[in-house]
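Per-entry structural report
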Protein chains: 2
Amino acid sequence: MATLTVPQEVPSPTEDSETLRKAFHGWGTDEKAVIQVLGHRNARQRKIIRDTYQELYNQSLIDSLHSELSGDFGRAVILWTYDPAERDARLVNKALKSKKIGINELKVIVEISCASSPHHLLAVRKCYSFLFECSLEEDIIHEAPPSVKKILVGLVSSFRFDGAVVDLDVADDEASKLQETVALKQLDQDIVVWILSTRNVFQLKATFESYHKKYGNFLEEDIKDYGNGLLASLVTIVIRCVISPEKHFAGVIKDAVAGWGTDEDALTRAIVSRAEIDLMKVKEAYLEMNKTSLDNAVKDDTSRDYGAFLMALLGQ
Amino acid sequence: MATLTVPQEVPSPTEDSETLRKAFHGWGTDEKAVIQVLGHRNARQRKIIRDTYQELYNQSLIDSLHSELSGDFGRAVILWTYDPAERDARLVNKALKSKKIGINELKVIVEISCASSPHHLLAVRKCYSFLFECSLEEDIIHEAPPSVKKILVGLVSSFRFDGAVVDLDVADDEASKLQETVALKQLDQDIVVWILSTRNVFQLKATFESYHKKYGNFLEEDIKDYGNGLLASLVTIVIRCVISPEKHFAGVIKDAVAGWGTDEDALTRAIVSRAEIDLMKVKEAYLEMNKTSLDNAVKDDTSRDYGAFLMALLGQ
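In this text, all values refer to a predicted model and were calculated from it rather than measured experimentally.

**Brief notes about the overall build of chain A**
Helix and strand counts for chain A come out as 20 helices and zero strands. Here the C-alpha atoms of chain A give a radius of gyration of 21 Å, agreeing with the 20 Å that 2.2 N^0.38 yields for 316 residues. Over its C-alpha atoms, taken along the principal directions, chain A stretches across nearly 65 × 45 × 40 Å. Within chain A, the fraction of its 316 residues that count as buried is 54%. Of all intrachain contacts in chain A linking residues separated by at least 6 positions in sequence, the fraction that spans at least 24 positions is 72%. Here chain A displays about 14,200 Å² of accessible surface, and carbon together with sulfur accounts for 50% of that area. Of note, chain A has its 38 positive side-chain charges centred 1 Å away from the centre of its 48 negative side-chain charges.

Following this line, the structure appears as structure tokens:
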């Protein structure tokens with residue numbers, strides 16, 4: 001349920017590269033042409049354009065974009081132009097190298113661990129290690145707040161079984177185990193990390209449902225009531241990303257456009273990273289949650305090239 | 001430094017498949033022909049033979065080997081014929097499903113986590129998940145002895161940076177941290193798991209050297225003196241596999257052939273899994289440690305087709 005639209009007849013990678021090169025030529029940049037090309041090509045097509053551009057002009061397309069574009073528009077186009085694994089490796093690295101790591105930075109890591117495919121997560125780890133010459137886990141242990149190091153290392157190291165195999169007895173048993181740790185305010189126990197980072201998504205959903213049936217409350221509500229700061233917030237986001245990535249991202253976008261001003265980094269991240277996955281579902285979730293369309297919310301909060309680029313990814 | 005020998009002119013995969021099919025034909029099996037083909041083909045060539053055999057005879061080569069061969073010879077040839085990642089996934093699964101999991105079973109998991117490339121470990125995890133419909137970590141948490149669950153999950157989930165980047169300050173700092181946990185007999189602390197499972201091999205070697213310089217003893221000796229059973233033994237094997245996989249495997253083979261009788265499973269595992277990696281170095285380490293050649297030790301302890309197959313992998 002992607003929102004990205006690709007024309008029925010796609011120009012050749014050489015033509016696309018030439019269009020981009022022409023858009024960069026001389027004073028100023030033809031931003032519309034950049035949006036017209038890159039905003040309507042999927043990840044595989046963008047990869048071939050990157051390769052072709054490099055071959056034709058002996059320069060990296062990403063470098064050209066860096067020197068031609070700026071501001072939120074530039075950052076969004078560049079993120080989108082990266083290979084998805086490289087994009088996410090860079091997003092995680094930026095989050096970890098922030099001056100202050102709060103729940104908004106940690107969200108990025110949870111999204112990549114719990115709302116992406118297991119294979120994508122492995123690709124991100126490979127790319128991280130290639131780009132930054134250390135494992136992602138090393139940087140987490142070095143940079144993340146102490147209370148969340150253990151669960152983050154578990155989450156990013158996970159390789160969940162990618163199928164709908166569910167054992168209801170295990171779900172019941174692990175719902176009880178989670179209840180015990182929540183009641184004792186001991187979310188940092190190994191068992192919590194193990195359940196959340198090794199079980200497949202379908203099994204986890206069954207565990208959360210079993211929790212609700214047995215104890216009357218949703219697990220994330222109980223964690224909010226009994227939890228302890230950053231770790232509790234992080235576990236809540238894990239649960240949300242497992243149960244419904246689309247609702248999570250609808251929430252990210254809602255927070256980004258709420259009130260005065262806009263959190264452009266969060267808005268860009270949500271749209272760029274889901275446009276080829278489930279942004280249509282995110283739109284539906286947004287509409288249901290807010291009784292107003294996501295497209296309108298984004299249109300109202302953004303302008304010019306940045307707005308036009310996001311609207312392109314939103315399928316407008 | 002592999003020992004595997006491949007003929008200069010390799011028959012086509014179709015010819016190899018036909019030779020194997022002929023060897024299986026009628027009563028009995030031509031074991032020599034099986035050794036002649038499979039014992040002299042590398043992993044890539046074996047993969048193509050598996051595919052070609054399947055295509056020609058609409059039957060899996062592994063299934064044919066299962067019905068034609070038996071005993072230690074059959075087990076060795078079949079392990080060798082699998083794709084290396086599948087072989088290791090099956091070895092780990094067998095270890096985890098043993099009636100009693102002791103240090104010999106745990107050794108298999110440590111070897112794959114600490115004496116293989118990070119990319120191979122990821123391939124093993126992918127394959128495990130495909131074959132057994134759950135993550136390797138889930139099975140470890142379910143099956144492994146409690147004292148070693150945490151470190152095993154850390155080790156198999158690792159994706160170490162695959163290069164020689166070393167920070168000597170970090171090495172000094174982590175040597176001290178390891179010393180503290182050893183002195184307190186607290187090898188189960190998160191910091192031990194993090195150091196051993198996230199640092200690259202070169203960084204870990206520097207840490208072990210720093211430990212030796214600072215405290216006069218080798219870390220593994222101190223662990224033996226102050227340790228606590230299974231966990232201490234396991235950490236010792238981790239350290240050995242990091243410092244010198246060849247010495248570790250020389251030790252595995254020595255243990256397998258020592259005294260009356262032979263541990264054929266361990267002997268097969270060591271030879272099959274290292275023949276394409278570093279078995280030449282294992283031979284050198286064996287000679288240095290035992291003043292007798294590994295080839296002779298294996299020849300003395302094995303016979304017939306099984307012995308002949310191992311000798312083929314040893315480059316004889």
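Resuming the write-up.
**Some words on the interface of chain A and chain B**
In many reports, interface size means the accessible area that the parts give up when they come together. Of the residues lining the interface, 26 residues belong to chain A; the matching set on chain B comes to 25 residues. Across the interface of chain A and chain B, roughly 2,400 Å² is buried in total on both sides, 64% from carbon and sulfur atoms. Here chain A and chain B share four salt bridges between them. A:Asp190 is the salt-bridge partner of B:Lys150, the closest N and O atoms lying 3.6 Å from each other.

**A few points about the layout of surface pockets**
Residue and element names in this part refer to chain B. Its volume calculated, the largest pocket comes out at about 780 Å³. Lining the largest pocket are 39 residues, with Ala115, Ser116, Ser117, Arg274 and Ile277 sitting closest to its centre. Elements that contribute at least two residues to the lining of the largest pocket include exactly helix H6 (84–96), helix H7 (103–114), helix H8 (118–132), helix H13 (201–215), helix H15 (230–243), helix H16 (245–257) and helix H17 (264–274).

**Structural notes on empty space enclosed by the protein**
Following the criterion strictly, the structure yields three cavities of 30 Å³ or more and no others. By volume, the largest cavity is sized at about 270 Å³. Looking at the largest cavity, it is lined by 22 residues, and the ones nearest its centre are A:Val153, A:Gly154, B:Val153, B:Gly154 and B:Val193. Elements with a minimum of two residues in the lining of the largest cavity: helix H10 (146–156) and helix H12 (190–198) of chain A together with helix H10 (146–156) and helix H12 (190–198) of chain B.

**Some thoughts on the domain arrangement of chain A**
Residue and element names in this part refer to chain A. Segmenting chain A into domains produces domain 1 (13–69), domain 2 (84–156), domain 3 (168–241) and domain 4 (245–313). Its C-alpha centre places domain 2 at a distance of 23 Å from the equivalent point of domain 4. Counting residues at the interface gives seven residues for domain 2 and ten residues for domain 4. Ranking the residues of domain 2 by area buried against domain 4 places Arg87, Glu111 and Ala115 at the top, with a combined share of 57%. Counting across the interface, domain 2 meets domain 4 through two salt bridges. When the shortest N-O distance is used, the salt bridge between arginine 269 and glutamate 111 registers 2.7 Å. Put simply, domain 2 and domain 4 have four residue pairs in polar contact (both at pLDDT 80 or more) between them.

**Brief notes about the packing of aromatic side chains**
All names here are of chain A. This model, assessed by the stated rule, comprises ten aromatic pairs over all chains. Within the aromatic cluster, the residues linked to one another by ring pairs are Phe24, Tyr53 and Tyr57. One cation-aromatic arrangement involves arginine 46 over tryptophan 80; the distance from NZ or CZ to the ring centre is 3.7 Å. Here the basic side chain of lysine 205 rests over the ring of phenylalanine 202, its NZ or CZ set 5.8 Å away from the ring centre.

**So, unusual backbone geometry**
Residues and elements named next belong to chain B. The backbone of glutamate 133 sits at a positive phi, close to 55°, despite the residue not being glycine. Along the chain, glutamate 133 turns up in the loop between H8 and helix H9 (136–143). By relative accessible area, which is 45% here, glutamate 133 ends up partly exposed. The residue lysine 291 is not glycine, and still its phi comes out positive at about 55°. Relative to the elements of secondary structure, lysine 291 occurs in the loop between helix H18 (279–290) and helix H19 (294–301).

**Examining the relation of the copies chain A and chain B**
Expressed as a screw transformation, the operator carrying chain A onto chain B has a rotation angle of 180° and an axial translation of 0.0 Å, and the superposed copies differ by an RMSD of 0.0 Å. What we have between these two chains is a two-fold relation. Proximity to the rotation axis, assessed at the C-alpha, singles out A:Ser157 in chain A; its C-alpha lies 2.6 Å from the axis. The share of interface residues of chain A whose copies in chain B are also at the interface is 96%, consistent with both copies meeting through the same surface.

**Details of the pattern of salt bridges**
Scanning the entire structure with this criterion turns up 37 salt bridges over all chains. A:Glu86 serves as the salt-bridge partner of A:Arg90, at 2.9 Å between the closest nitrogen and oxygen. Taken together, the residues A:Arg90 and A:Glu86, both in helix H6 (residues 84–96) and four residues apart, mark about one turn of the helix. The structure contains a network of salt bridges with shared partners spanning A:Lys150, A:Asp190, B:Lys150 and B:Asp190.

**A short note on the packing of H6(A) against helix H9 (residues 136–143) of chain A**
Residue and element names in this part refer to chain A. At a closest axis distance of 10 Å, the pairing of H6 and H9 adopts a crossing angle of 20°. Classified by the interaxial angle, the pair formed by H6 and H9 is roughly parallel. Pair H6 / H9 crosses with left-handed handedness. Only Leu136, Asp139, Ile140 and Glu143 of H9 make contact with H6, whose side of the interface consists of Val92, Asn93 and Leu96. When grouped by side-chain class, the residues that make up the contact of H6 with H9 number four nonpolar, one polar and two charged.

**Overview of the environment of A:Val298**
Residue and element names in this part refer to chain A. Residue position: valine 298 is located in helix H19 (residues 294–301). Expressed as a C-alpha distance, the spacing of valine 298 and isoleucine 253, which sit 45 residues apart in the sequence, is 8.4 Å. Apart from the residues lying within four places of it in its own chain, the contact partners of valine 298 are Ile253, Leu267, Ile271, Leu310, Met311 and Leu314.

**Examining helix H8 (residues 118–132) of chain A**
The terminal C-alpha atoms of H8(A) lie 21 Å apart, and with 15 residues this matches the ideal 21 Å at 1.5 Å per residue to within 8%. Restricting attention to buried positions, one finds in H8(A) the residues A:Pro118, A:His120, A:Leu121, A:Leu122, A:Val124, A:Arg125, A:Cys127, A:Tyr128 and A:Ser129. Residues of H8(A) that are buried sit in contact with H6, helix H7 (103–114), H9 and H10 of chain A together with H8 of chain B.

**Brief notes about a nonpolar patch on the surface**
Together, A:Val166, A:Leu168 and A:Phe202 line one region of the surface with nonpolar side chains, adding up to about 280 Å² of accessible area. Looking at the element boundaries, A:Val166 is found in the loop between H10 and helix H11 (168–183).

**Some thoughts on helix H16 (residues 245–257) of chain A**
All names here are of chain A. For H16, with 13 residues, the first-to-last C-alpha span of 19 Å sits near the 18 Å given by 1.5 Å per residue. The buried fraction of H16 is high, at ten of 13 residues. Taken residue by residue, H16 has Pro245, Glu246, His248, Phe249, Ala250, Gly251, Val252, Ile253, Ala256 and Val257 as its buried positions. Residues of H16 that are buried make contact with H7, helix H15 (230–243), helix H17 (264–274), helix H18 (279–290) and H19.

The rules behind each value
- Residues numbered from 1 in each chain as written.
- Chains lettered and ligands numbered in written order.
- Predicted model: local features only at pLDDT ≥ 70, side-chain atom pairs only at ≥ 80, totals over all residues.
- Heavy atoms only, no water.
- Helix = DSSP H or I, 4+ residues; strand = E, 2+ residues; numbered from the N terminus.
- Rg over C-alpha atoms; globule rule 2.2 N^0.38 Å.
- Buried < 20%, exposed > 50% of the residue type's maximum accessible area, 1.4 Å probe, protein only.
- Contact = heavy atoms within 4.5 Å.
- Areas by Shrake-Rupley, 256 points an atom, 1.4 Å probe, with all protein chains shown as cover.
- Lys, Arg positive; Asp, Glu negative; His and termini not counted.
- Charge placed at Lys NZ, Arg CZ, Asp CG, Glu CD.
- Buried area = accessible area lost by both parts, 1.4 Å probe.
- Salt bridge = Lys/Arg side-chain N within 4 Å of Asp/Glu carboxyl O.
- 1 Å grid on protein atoms, 1.4 Å probe; cavity = no way out; pocket = protein on both sides within 12 Å on 5 of 7 lines; lining within 4 Å.
- Points joined across faces, edges and corners; volume = space filled by probe spheres on them.
- Domains from an automatic or database assignment.
- Polar contact = N/O pair within 3.5 Å; in protein donor to acceptor, adjacent residues only side chain to side chain.
- Phe/Tyr/Trp six-rings, centres within 6.5 Å; stacked < 30°, edge-to-face > 60°.
- Lys NZ or Arg CZ within 6 Å of the ring centre and 35° of its normal.
- Least-squares fit on C-alpha atoms with pLDDT ≥ 70 in both.
- Axes fitted to C-alpha atoms, helices over the stretch in contact; angles between N-to-C directions.
- Parallel < 35°, antiparallel > 145°, perpendicular 65-115°, else oblique.
- Left-handed = near helix turned anticlockwise from the far one by under 90°.
- Nonpolar A, V, L, I, M, F, W, Y, C, P; charged D, E, K, R; others polar.
- Expected span 1.5 Å × (residues − 1).
- Patch = residues over 30% accessible without salt bridge, like charges linked within 9 Å, V, L, I, M, F, W, Y side chains within 5 Å.

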